[in-house]
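Here is what each chain is made of, one letter per residue.
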Amino acid sequence: PKHTYYNSIQLHHLFELTTGTQLELVVRLAGFLGLRRSEICGLRWDHVDLGKNVIEVCNVRTSVGGLVVEKGTKTDASCRKLDFSDIPELKIPLQQEFHRQKSREEGYNPGNYVVVRKDGMPYQPDYLSNCLRQFVSLHALPPVTLHGLRHSFASIANSSNIPMFDIGKAMGHSS
């Protein structure tokens, strides 16, 4: 399939528009770190070190035939640690979401997921994709998917002269 992606100006505009919405962390994790939708949906607080500003990507939640499946990453190379210490636009919302969730009643977010609905349960992966599609359409933005935001990350990193090997490693590519 053909994926469209955003340039840095368009991505920054999307970051601004999603600030304070249910899509804020989803869009920032895809746009700043190149995470896959399944990696965002499977990310748990146990794998986020807010003190060291590191996210460990080691499991995914995805839909297969309408059923949600949780498993290890796509390949061994997909299991990786990503530093976000130089990205305050991601660090601050992560910290805010962590404190928001921890201030809730006991039993909230029993799966300890980073991205959850208002009731503390994880989103269906397809729901997040549909929300982004509707959000982009509502704001008359060029069409983009979560996978397109992953491509945006790679394209912007490449334009910033980051070696392709490093970009591929950050994205969890095996080669």
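Up top is the structure.
Rules and cut-offs
Residues numbered from 1 in each chain as written. Predicted model: local features only at pLDDT ≥ 70, side-chain atom pairs only at ≥ 80, totals over all residues. Heavy atoms only, no water. Phe/Tyr/Trp six-rings, centres within 6.5 Å; stacked < 30°, edge-to-face > 60°. Helix = DSSP H or I, 4+ residues; strand = E, 2+ residues; numbered from the N terminus. Buried < 20%, exposed > 50% of the residue type's maximum accessible area, 1.4 Å probe, protein only. Lys NZ or Arg CZ within 6 Å of the ring centre and 35° of its normal. Pairing = 2+ DSSP bridges.

This next bit is on the packing of aromatic side chains. For the coordinates displayed, the defined rule picks out 3 aromatic pairs. Judged by centre distance (4.4 Å) and plane angle (20°), the rings of phenylalanine 15 and phenylalanine 32 are stacked. Of this pair, phenylalanine 15 sits in helix α1 (residues 8-18) while phenylalanine 32 sits in helix α2 (residues 24-33), and the two are 17 residues apart along the sequence. In this pair, the class of phenylalanine 15 matches that of phenylalanine 32, namely buried. One residue, arginine 61, lies across the ring of tyrosine 113, its end atom 5.3 Å from the ring centre.

Further remarks concern the pairing of strand β3 (residues 59-64). When β3 meets strand β4 (residues 67-72), the two strands line up antiparallel, connected through 6 bridges. The partner of valine 64 across the bridge, within β4, is leucine 67.

With that settled, the discussion passes to the sheet that holds strand β2 (residues 54-57). As summarised here, the arrangement of the 3 strands in space is β1-β2-β5, forming an open sheet in which the pairing is antiparallel. Of all the strands in the sheet, the pair left with one neighbour each is β1 (48-49) and β5 (80-83). Here β2 runs beside β5; their pairing, made up of 4 bridges, is antiparallel. Looking across to β5, one finds that isoleucine 55 is bridged to leucine 82.

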